[in-house]
Amino acid sequence: MNVDETNLPGLGRRKDFMTASGRRIGVVELREGQTELIVSTWDDPDTCQASIPLTSDEAATLGNLLGGQHLAMKLAEEHKDVPGIVTRQFSIAPESPFQNQPMGKACIRTRCGVSIVAIMREGEVLPSPGPDVILHTGDLLVAVGTLEGLDSAADILRHG
Amino acid sequence: MDPLALTLIELGAVVFCLGLLARLAGRIGMSPIPLYLLGGLAFGAGGVVKLEGMHEFAHLSGEIGVILLLLMLGLEYTAAELFTGLRRSWQAGVLDLVLNFLPGAALALLLGWGGVGAMVMGGVTYISSSGIAAKVITDLGRLGNRETPVVLSILVFEDLAMAVYLPILTATLAGVSFLGGLTTVAIALAVVTAVLMVALRHGHHVSKAVHSENSEVFLLNVLGAALLVAGLASAMQVSAAVGAFMLGIAISGATAHNATRILEPLRDLFAAIFFVAFGLNTDPTSIPPVLGWALVLAVATAGTKMATGIWAAKREGIAKPGRFRAGATLIARGEFSIVIAGLAVASGAVPSNLAALATAYVLLMAVIGPLAARFVEPLVKASTRSRQVPAQA
C-alpha cells in the first residue's frame, strides 16, 4: 500500500492513501500531538468530508479495531477446514477485573479451552502472548476456540 | 489626577475593551484584528474618546508586540521546512510576490506617494495573514485537504520574503542612498542565509542556549534573547523585527514548540496593544477620503491572490473547487500588513494618508478573507451546476 506523506509547514504532517473505492483516507498528525482522521468526499478527492479529532486512546482503539478485524479474518480463513473452531475478538473494558493484570491470571485456556493467539495494542500486534503479558484497557484479544468456550471466555474477561 | 493613576485607568479600560472585542470576534467567528484597529481608531486622535496618558506605554508595547509577532512567525516554521518550501514552491512564491506587490505599489505611485510609498504599500498588499489563513484552514476542517500544503508553502515563501523585504524597507524609510540600500540588502541576504544555515546545522545549540525545564526561566530566556537580538539588529539598521524573526528561525524542534506555547499569551497582549496603538495614531476622519481607493485595492488584490492560489494549486494537479479554495484562503491580510504600515508611519517618511489607507485596507481584507474562504466552495459548485443544467436539457 502506497501511503503519501505530506508536510504541512507550521501545522504538522498528513499521511493518507487512496482506497479502491476512490476515497482518500488517512490521518493528519498535528504538531501539538493530536491526530485527526480524514476522509475525502466522494465527488472531490481534494477536500475532506470529515476531519475527526481523535485522542491518542481513541486513535489506538481505532487502530486495534481495524487491525484486529484483519487478523481475525485471516485466522478464520486458516481455520475454516477445522469444523467447530471459531475466531473472536475481545476488548478489555475499563471495568474488566483483569486490566493491569497478567493475562495468565484469567486462566482462559485452562478454564474454557480457548487460546489467545494475539493481542492488538495501539495498532501493533503482539503475536502468541505469554501468560505474563499485562492487559491494558483498550487491548483487543484475538481468541480461537469453540463457540461455547469463547462465550465463557468473554464472560471471564468481563466479570472475572 | 495623578498621571500614573490616569495611565493605569486608561490602560486598564483599553485592555478590558480589547477583551470584550476579542470575545465578540470569537462569537461571530472572525479575526479580532479589525476590531482592535477599530478600537484604536475610536480611542485615538480625533476619535470618540481621547487617551493621552497611555501614549508612551502604548508606543513601547507596540514595538514589543511587533517583535513578538515576528519572533513567533519565525518559530512557526523549522529551517528544514523553509528550505523544502522554498525549493518546491518558489515559482508560486514569485508569482505571488509580483501579482500582489504591484497593485499596492501602483496605487501609491498614482496617489503621488513616491518610491518609498510604493515600497510600503506593495508590502502591505503582498503579505497574506498567516494567522488568519491557519485559523481558516483549521476552522473549516481543511487540514487534510490536498490544496492545504500548497497554501502553506506559499505562506512559507512569504515569510522568507519578509526576512529580505523588512531590512530593505527599513533602509528605504531611513532614506539611505541607492548604494547604501544595496549594502543593506547584501547584509540582509547574507544574514538570512547564514541564519538559515546555522539553524539547519546547529539549530539545537541555539535551542539549548535558551532552553530550560523551568517555564519561568525559559520565558525570561526567550524574551530576553528576542529583545536583545532585536535591539542589536535595530542598532545595525537591519530592523528590530527581522532580528527577532531570525532568532525564531534559529530556535528549532521541541524548544520552538514550547517557546510558542509559552509566548502566545504575551504575543496576544502586546500585539493587541500594537494594533490599538496603530489605530490610536490614525485619525479616523482621514479614512473616508481613502475608503474608495481601499475598496478598489481590496477587490484588485483579492483577485490577484485568488489567481495566485488557482495557479499554484493547478500546478499540483488539484481540481477546480480546490484551486478556488486555495486562492480564497490566501486573500486575508492582517497583522503583517499593519506591521509594515506601522514601521513606515513611525519613520515619518510617508504621508499620513498611507496609514489611513492601510488601516481601511486591512479592515476590509481581514473581514473579506475568511468570508471568501468560507463561501467560495458553494459558489464554485453552484456555478458549475448551473452551467451543467442547460447542457443536459
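Calculation rules
- Residues numbered from 1 in each chain as written.
- Chains lettered and ligands numbered in written order.
- Predicted model: local features only at pLDDT ≥ 70, side-chain atom pairs only at ≥ 80, totals over all residues.
- Helix = DSSP H or I, 4+ residues; strand = E, 2+ residues; numbered from the N terminus.
- Buried ≥ 20, exposed ≤ 12 C-beta atoms within 10 Å, placed from the backbone.
- Contact = placed C-beta atoms within 7 Å.
- Pairing = 2+ DSSP bridges.
- Axes fitted to C-alpha atoms, helices over the stretch in contact; angles between N-to-C directions.
- pLDDT = per-residue confidence, 0-100.
- Parallel < 35°, antiparallel > 145°, perpendicular 65-115°, else oblique.
- Nonpolar A, V, L, I, M, F, W, Y, C, P; charged D, E, K, R; others polar.
- Core = buried A, V, L, I, M, F, W, Y, C linked by C-beta atoms within 7 Å.
- Left-handed = near helix turned anticlockwise from the far one by under 90°.
- Expected span 1.5 Å × (residues − 1).
- Bend = angle between axes of the 7 residues up to and from the residue.

If you tally the helices and strands in chain B, you get 15 helices and 0 strands. For chain B, the spread of C-alpha atoms along the principal axes amounts to about 80 × 55 × 45 Å. When the 393 residues of chain B are sorted by exposure, 53% land in the buried category. Contacts spanning at least 24 positions in sequence make up 80% of the contacts within chain B whose residues lie at least 6 apart.

So, on to the overall build of chain A. Each helix and strand in chain A was counted, giving 3 helices and 9 strands. Reading chain A from its N terminus to its C terminus gives the helix and strand order β-β-β-β-β-α-β-α-β-β-β-α. Taking the principal axes of its C-alpha atoms as reference, chain A extends roughly 55 × 35 × 20 Å. By the burial criterion, 32% of the 160 residues in chain A qualify as buried.

What follows concerns the sheet that holds strand S7 (residues 115-121) of chain A. Residue and element names in this part refer to chain A. The antiparallel open sheet is built from 4 strands, whose spatial order is S6-S9-S7-S8. This sheet does not close on itself; its edge strands, each paired only once, are strand S6 (86-91) and strand S8 (124-127). Neighbour-to-neighbour, the strand axes of the sheet open up by a mean angle of 25 degrees, direction not taken into account. Relative to S8, S7 runs antiparallel, the two sharing 4 bridges. The residue bridging Arg121 from the neighbouring strand is Glu124, located in S8. Relative to strand S9 (residues 140-145), helix H1 (residues 56-79) is tilted by about 15 degrees, and along the sheet it contacts S6, S7, S8 and S9.

Detailed conclusions should not be drawn from predicted coordinates in areas where pLDDT is low. All names here are of chain B. Of all residues in chain B, 95% have pLDDT values of 70 or greater, and the mean over the chain is 85. Element-level pLDDT for chain B is lowest in helix H8 (residues 178-210), with a mean of 77, against a maximum mean of 93 in helix H12 (residues 287-315). Across the whole predicted complex the pTM is 0.79, and at the interface the ipTM reaches 0.73.

With that out of the way, let us pick up the packing of helix H9 (residues 215-235) of chain B against helix H11 (residues 253-280) of chain B. All names here are of chain B. The geometry of H9 relative to H11 is characterised by a closest axis approach of 10 Å and an angle of 90 degrees between their N-to-C directions. Taken together, the axis directions place H9 and H11 in an arrangement best described as roughly perpendicular. On H11, the residues that touch Ser215, Phe218, Leu219 and Val222 of H9 are Asn258, Ala259, Ile262 and Leu263. Each residue belonging to the contact of H9 with H11 can be placed in one class, and the counts come to 6 nonpolar, 2 polar and no charged.

Turning our attention to the interface of chain B and chain A. Where interface size is given, it is often the accessible area lost as the parts come together that is meant. Taken together, the contact between chain B and chain A spans 23 residues of the former and 18 residues of the latter. Breaking the side of chain B that touches chain A down by element, the ones donating at least two residues are helix H4 (79-110), helix H7 (148-173) and helix H13 (320-330) of chain B. A total of 5 residues in the side of chain B that touches chain A trace back to one element, the largest contributor, which is H7(B). Per-class residue counts for the side of chain B that touches chain A are 9 nonpolar, 9 polar and 5 charged.

Let us look at the environment of Gly253(B). All names here are of chain B. With respect to the helices, strands and loops of the structure, Gly253 is situated in helix H11. In the structure, Gly253 is positioned 176 residues away from Tyr77 in sequence and 9.6 Å away in space, judged by C-alpha atoms. Gly253 has contacts with Gly203, His204 and Ser207, leaving out every residue within four places of it along the chain.

Next up on the list: the pairing of S7(A). Residue and element names in this part refer to chain A. Counting buried positions along S7 gives 5 out of 7 residues, so the element sits mostly inside the fold. Bridging between S7 and S9 involves 5 bridges; their strand directions are antiparallel. Across the sheet, the residue bridging to Ile119 is Leu141, located in S9.

On to the nonpolar core. In terms of nonpolar packing, the biggest core is built from 133 residues, with Ile67(B), Ala244(B) and Tyr361(B) touching the most fellow members. If one sorts the elements of this core by residue count, helix H15 (residues 352-392) of chain B sits on top with 15 residues. If near-sequence neighbours (up to four positions away) are discounted, Ile67(B) is found in contact with Ala226(B), Leu227(B), Ala230(B), Ala240(B), Ala241(B) and Ala244(B). Of all hydrophobic cores here, the second largest spans 24 residues; its members include Leu71(A), Met103(A), Ala106(A) and Leu140(A).

All names here are of chain B. For the pair H7 and H13, the least separation of the axes is 9 Å and the interaxial angle reads 35 degrees. Between H7 and H13 the crossing geometry is right-handed. Judged by residue contacts, Val150, Val151 and Ile154 of H7 engage Ala326, Thr329 and Leu330 from H13. In the contact of H7 with H13, the residues fall into 5 nonpolar, 1 polar and no charged.

Attention now goes to unusual backbone geometry. All names here are of chain A. The backbone phi angle of Cys107 is positive, close to 50 degrees, even though this residue is not glycine. Mapped onto the elements of the fold, Cys107 is located in the loop between S6 and helix H2 (108-112). Its 11 C-beta neighbours within 10 Å are what place Cys107 among the exposed residues.

Moving on, we get to the sheet that holds strand S1 (residues 4-8) of chain A. Residues and elements named next belong to chain A. Judged by pairing direction, the sheet is antiparallel, and its 5 strands sit side by side in the order S1-S2-S3-S4-S5 without closing on themselves. Of all strands in the sheet, those bounded by a partner on one side alone are S1 and strand S5 (48-54). This sheet shows a mean twist of 20 degrees between the axes of neighbouring strands, independent of strand direction. One ladder, built from 5 bridges, connects strand S3 (residues 24-30) with strand S4 (residues 35-40); its direction is antiparallel. Its bridge partner lying in S4, Val28 is registered against Glu36.

A few words on H8(B). Residues and elements named next belong to chain B. For H8, built from 33 residues, the straight-helix expectation of 48 Å at 1.5 Å per residue is missed by more than 12%, its first-to-last C-alpha distance being only 38 Å. At His202, H8 is deflected by roughly 90 degrees, the largest bend along its length. Within the sequence span of H8, burial applies to Thr184, Ala188, Val195, Leu196, Ala199, Gly203, Val206 and Val210.

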